[in-house]
Amino acid sequence: MMKNFFDKIANRTRIGFLAAFFLLLVAYILTFISTQKVFTQDYWINHTNEVIHSLDNVVGFINKGEAIYRGYIITGDVNQLARYDKSIISTDSCLATLDSLIEDGTHQQKNLDTLHQLIVDKFTRVKRIIYTFSAARKMTPELLEGNKEGTIRSTDIEAHVKKMQEEERGQWLNRSEEASKYNNLVRVLNVISIIIAILLTIYSIIIFNKENKGKEEQSKKAKDFQAQLEKRVEQLADLNKELINLRSLEKYAVTGRIARTIAHEVRNPLTNINLSIEQLRTEVPKSETTGLFFDMVVRNSERINNLVSDLLNTTRVADLNFSKTSINEVLDSAIDFAADRIELKQIKVVKNYDDNICGILVDIQKIKVAFLNIIVNAIEAMDDGGILTISTENINNKCVSKIKDNGKGMTREQLGRLFEPYFTTKEKGNGLGLANSQNIILGHNGSISAESEPGIGTTFTIIFDFT
């Protein structure tokens, strides 16, 4: 019995809700239609005001132009003619605005055509008067008669403008009377809407109280799950960073082994070549040609040896002289070393330093070299007038420095090979600067990474532990 009773109540509630929803929908539709009528009326009010204002501007520019040309006739100052031409241009602009505003009104369009003809006739007469005065340089009976006719034309224009304004106001009054008929209907619909809204609110409160408890439980479960998911994502991001650092270290170690192997395999033949050249110098008769060839072999042998030495230096664990310093001071010093390049290319340097950042334990000179290589690389990647942004901050008890440029950027493939020795995107680069910077930073148990987007720029991120 109780179940049937509640089912009946539920069914009646559904029917009542649907009926109220239908009535509310009808009321809103009628209200929408009425509101659109009001919006239309508002549009025509603005339209009428704009037309009347533009007509006033036409009369104003014509009167201003007439005053200017009369001033020219009185003073003979030719500079007044340029001002008169500007008044003509302003008048034409106002006429063009009026043409776009009343393009749908056939009667007003005819009035505008008549106004345009009157204005053209007046400007033509004024130009004739100006031409005649410029030739004679004195007042003549013809000029006086022309001025009189110009005054008559101005009076005709003003009368025609007033006529157009009165017609525009008459159209607005007709539209206003039509729109006012909907006011009472809007009031009735608003009252009905309020009553229906109150009934729906009461019904909604009843339903809300029944379902609110279940929603709160589901919301709590969702928040707990979201918190766990965010924690897992953070853990995954940390693991990914560790993996990237491990790969960098592994890559660095492999490169070092290859470099040492190459150095051993290359320097032994080079030594034999150098000894053989010295022996040949003593045995082969001296001449200009043989001396040139011997020098060429020695010079290229030395070049190969220097290249091998540079490669070893980029992969060799250097001896470090640690001291505590501020990362901000090291960056400022590196910027000072690159000051000539910055000034030459007119680079704007933006510093976003954390003034309260703690000190770090580093080899100041070597870290300065590492930063300088990155800064120079950023400068060379930008066009003249680029922006170099350098920032420092404390993130999760880590000293984080970022060097950002707005240069040409790099592709994903270039970014993957960025720290490889002898890899470079520059025409005259040797590809060892960034490799050496990575060597120094890894030697400090730090990390370096880069993000880049073609056409946007590149950002280097260097992280050290605080002391």
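Residues numbered from 1 in each chain as written. Predicted model: local features only at pLDDT ≥ 70, side-chain atom pairs only at ≥ 80, totals over all residues. Heavy atoms only, no water.

**Digging into the pattern of salt bridges**
It is possible for side chains of opposite charge to pair when their charged atoms get near one another. As enumerated under the stated definition, the model contains 4 salt bridges in all. The residue K398 makes a salt bridge to D465 at a minimum N-O spacing of 2.3 Å. In this pair, K398 sits in strand 5 (residues 398-405) while D465 sits in strand 7 (residues 457-465), placing the two residues 67 residues apart along the sequence. The exposure class assigned to D465 is partly exposed, which follows from its relative accessible area of 41%. (Salt bridge = Lys/Arg side-chain N within 4 Å of Asp/Glu carboxyl O. Helix = DSSP H or I, 4+ residues; strand = E, 2+ residues; numbered from the N terminus. Buried < 20%, exposed > 50% of the residue type's maximum accessible area, 1.4 Å probe, protein only.)

**Quick word on the sheet that holds strand 7**
Read across the sheet, 5 strands follow the order 2-4-5-7-6 without closing on themselves; strand pairing throughout is mixed. For this open sheet the edge positions go to strand 2 (348-352) and strand 6 (447-453), each flanked by a neighbour on one side alone. The mean angle between the axes of side-by-side strands here comes to 15°, regardless of whether they run parallel or antiparallel. Contacts between helix 9 (residues 364-381) and the sheet are confined to strand 4 (387-395), strand 5, strand 6 and strand 7, with strand 7 contributing the most and set at about 170° to the helix. (Pairing = 2+ DSSP bridges. Axes fitted to C-alpha atoms, helices over the stretch in contact; angles between N-to-C directions. Contact = heavy atoms within 4.5 Å.)

**Some points on a nonpolar patch on the surface**
There is a patch of nonpolar side chains on the surface, built from V191, I194, I195, I198, L199, I202 and I206 and spanning about 650 Å² of accessible area. When you line up the elements, I195 lands in helix 5 (residues 183-283). (Patch = residues over 30% accessible without salt bridge, like charges linked within 9 Å, V, L, I, M, F, W, Y side chains within 5 Å. Areas by Shrake-Rupley, 256 points an atom, 1.4 Å probe, with all protein chains shown as cover.)

**Regarding the nonpolar core**
Ranked by internal contacts, the top residues of the largest apolar core, which has 37 residues, are F371, I375, I403, F460, I462 and F464. Elements that contribute at least two residues to this core include exactly helix 7 (327-337), strand 3 (360-362), helix 9, strand 4, strand 5, helix 11 (433-443), strand 6 and strand 7. Formed by 26 residues, the second largest nonpolar core is a distinct cluster that contains I88, L98, L112 and V126. (Core = buried A, V, L, I, M, F, W, Y, C linked by side-chain atoms within 4.5 Å.)

**Examining helix 9**
With 18 residues, helix 9 extends 26 Å between its outermost C-alpha atoms, agreeing within 8% with the 26 Å of an ideal straight helix rising 1.5 Å per residue. Buried within helix 9 are the following residues: I367, K368, A370, F371, I374, I375, V376, A378 and I379. (Expected span 1.5 Å × (residues − 1).)

**Considerations on the environment of V350**
Position of V350 relative to the elements: it lies in strand 2. Residue V350 is classed as partly exposed on the basis of its relative accessible area of 25%. For the pair V350 and L388, spaced 38 residues apart in the sequence, the C-alpha separation amounts to 6.1 Å. Excluding residues that lie within four positions of it along the chain, V350 makes contacts with I387, L388, T389 and I390.

**Observations regarding the packing of helix 7 against helix 9**
Direction vectors running N to C along helix 7 and helix 9 enclose 55°, while the axes themselves pass 9 Å from each other. One way to sum up the angle between helix 7 and helix 9 is to call them oblique. Judged by the twist between their axes, the crossing of helix 7 over helix 9 is right-handed. Between helix 7 and helix 9, the contacting residues are I327, V330, L331, S333, A334, I335 and F337 on the first element and I364, I367, K368, F371, L372 and I375 on the second. Of the residues in the contact of helix 7 with helix 9, the class split is 11 nonpolar, 1 polar and 1 charged. (Parallel < 35°, antiparallel > 145°, perpendicular 65-115°, else oblique. Left-handed = near helix turned anticlockwise from the far one by under 90°. Nonpolar A, V, L, I, M, F, W, Y, C, P; charged D, E, K, R; others polar.)

**Quick word on the state of the cysteines**
Evaluated as defined, the whole model comprises 0 disulfides. You can see C358 has no disulfide; the closest cysteine sulfur is in C399, sitting 8.8 Å from it. (Disulfide = S-S within 2.5 Å.)

**Considering the pairing of strand 4**
The pairing of strand 2 with strand 4 spans 5 bridges and is classified as parallel. The residue of strand 4 that forms the bridge with K348 is I387. Linkage of strand 4 to strand 5, two consecutive antiparallel strands, is achieved through a turn of 2 residues, within which N396 is found at a positive phi near 55°.

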